[in-house]
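# Coordinate inspection notes
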Amino acid sequence: MAGLLNVFGSSYEFWANHAVECIPASLRSRIEDLDNCTLSEPPDRTRLFEPHREFVERLAISKRINGISSIFHPLYPSLFLSFAKNGADISILVTRSVYERLKEEYQTEVREFLKLPNSCLYVCDEKNRIFSCYH
């Protein structure tokens, strides 16, 4: 319980502005695992079109990646595919609009990602706060 209080207490402003009910129950029940995480500041404005360097560096050495994203970056499909191919267990929750773009523009990467036994893609319907898991 202390871990859960630390997660919400240390980043109150962040959590107050994000809808946690959209997070799948299996991930939400483990939210206290974020006790030792840090929130990274966004990259400076001169690097808006590059992935956040610190974020990518930390992901590259991670064995397990649980992510939530309402934004899309064109380098992320290949990055997350390479992390999964290198053995990281990956669960990613994206908004319906991000999923639609992935499906339209990155079919090959998505198909290959979902074939891997260590990957799962969740899609959240923003209006109804419902999610679906694609494997």
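I will try to describe carefully the structure that is included in this document. Sequence order as written defines residue numbering, which begins from 1 separately in each chain. Local features in a predicted model are, by the rule used here, given only for residues with pLDDT of at least 70; side-chain atom pairs are given and counted only at 80 or more, and totals for whole chains, interfaces and linings are based on all residues. Each side-chain value is derived from all of the structure's non-hydrogen atoms; neither hydrogens nor water enter the calculation.

Looking only at helices and strands, the chain features seven helices and four strands. Only protein chains enter the accessibility calculation, which uses a 1.4 Å probe. A residue is then buried if its area is under 20% of the maximum for its type, exposed if over 50%, and partly exposed in between. Relative to its full complement of 135 residues, the chain shows a buried share of 34%. For the accessible areas, the method is Shrake-Rupley and the probe is 1.4 Å, while residue cover comes only from the protein chains on display. Surface exposure of the chain reaches about 9200 Å², of which carbon and sulfur atoms provide 54%. Put simply, DSSP marks the helices as runs of H or I at least four residues long and the strands as runs of E at least two long, and each gets a number from the N terminus on.

What follows concerns the side chain of Ser69. Note on placement: Ser69 falls in strand β1 (residues 64-69). Definition of a polar contact: a pair of N or O atoms within 3.5 Å, with one able to donate and the other able to accept a hydrogen when the atoms are protein atoms, and with sequence-neighbouring residues admitted only if both atoms are side-chain atoms. Among the polar contacts made by the side chain of Ser69, one reaches the main-chain carbonyl oxygen of Ile71 at a distance of 2.7 Å. Every residue in contact with Ser69, bar those within four places of it in the chain, is listed here: Leu93, Val94, Thr95 and Val98. It only takes one pair of heavy atoms within 4.5 Å for two residues to be counted as in contact.

Side chains carrying opposite charge are able to pair once their charged atoms draw close together. Counted as salt bridges are all cases of a side-chain nitrogen of Lys or Arg within 4 Å of a carboxyl oxygen of Asp or Glu. One pass over the full model with this rule turns up seven salt bridges. Across the pair Glu100 and Arg96 runs a salt bridge whose closest N-O atoms are separated by 3.7 Å. With Glu100 and Arg96 both in helix α6 (residues 96-105) and four residues apart, the pair spans about one turn of that helix. Note on Glu100: relative accessible area 25%, which makes it partly exposed. Connected through salt bridges with shared partners, the residues Arg96, Glu100 and Lys103 form a single ionic network.

One finds Phe80, Phe83, Ile90 and Phe113 to be the most contacted residues of the largest nonpolar core, which totals 23 residues. Looking at this core, the elements that each hand over two or more residues are α4 (53-60), α5 (76-85), β2 (89-95), α6, α7 (107-115) and β3 (119-125). With five residues, the top contributor of residues to this core is α5. With residues up to four places along the chain from it excluded, the contact list for Phe83 reads Val56, Leu59, Ala60, Ile65, Ala88 and Ile90. Formed by nine residues, the second largest nonpolar core is a distinct cluster that contains Ile31, Cys120, Tyr122 and Cys124. The term nonpolar core refers to a set of buried residues drawn from Ala, Val, Leu, Ile, Met, Phe, Trp, Tyr and Cys, joined through side-chain atoms within 4.5 Å.

Each aromatic pair joins two rings of Phe, Tyr and Trp (for Trp, the six-membered one) with centres within 6.5 Å, and gets the label stacked for planes under 30 degrees apart, edge-to-face for over 60, and tilted for any other angle. The full count for this structure, using the stated rule, is four aromatic pairs. Between Tyr76 and Phe80, the aromatic rings sit 5.9 Å apart at their centres with planes inclined by 90 degrees, giving edge-to-face as the arrangement. Highlighted residues: Tyr76 and Phe80, both in helix α5, separated by four residues, approximately one helical turn. You can call Tyr76 buried: its relative accessible area is 15%. The exposure class assigned to Phe80 is buried, which follows from its relative accessible area of 12%. Ring geometry for Phe80 versus Phe83: centroids 5.9 Å apart, planes at 80 degrees, classification edge-to-face. Linking Phe80 with Phe83, this pair stays in helix α5, spanning three residues, or about one helical turn.

All we've got here are geometric facts, nothing functional implied.
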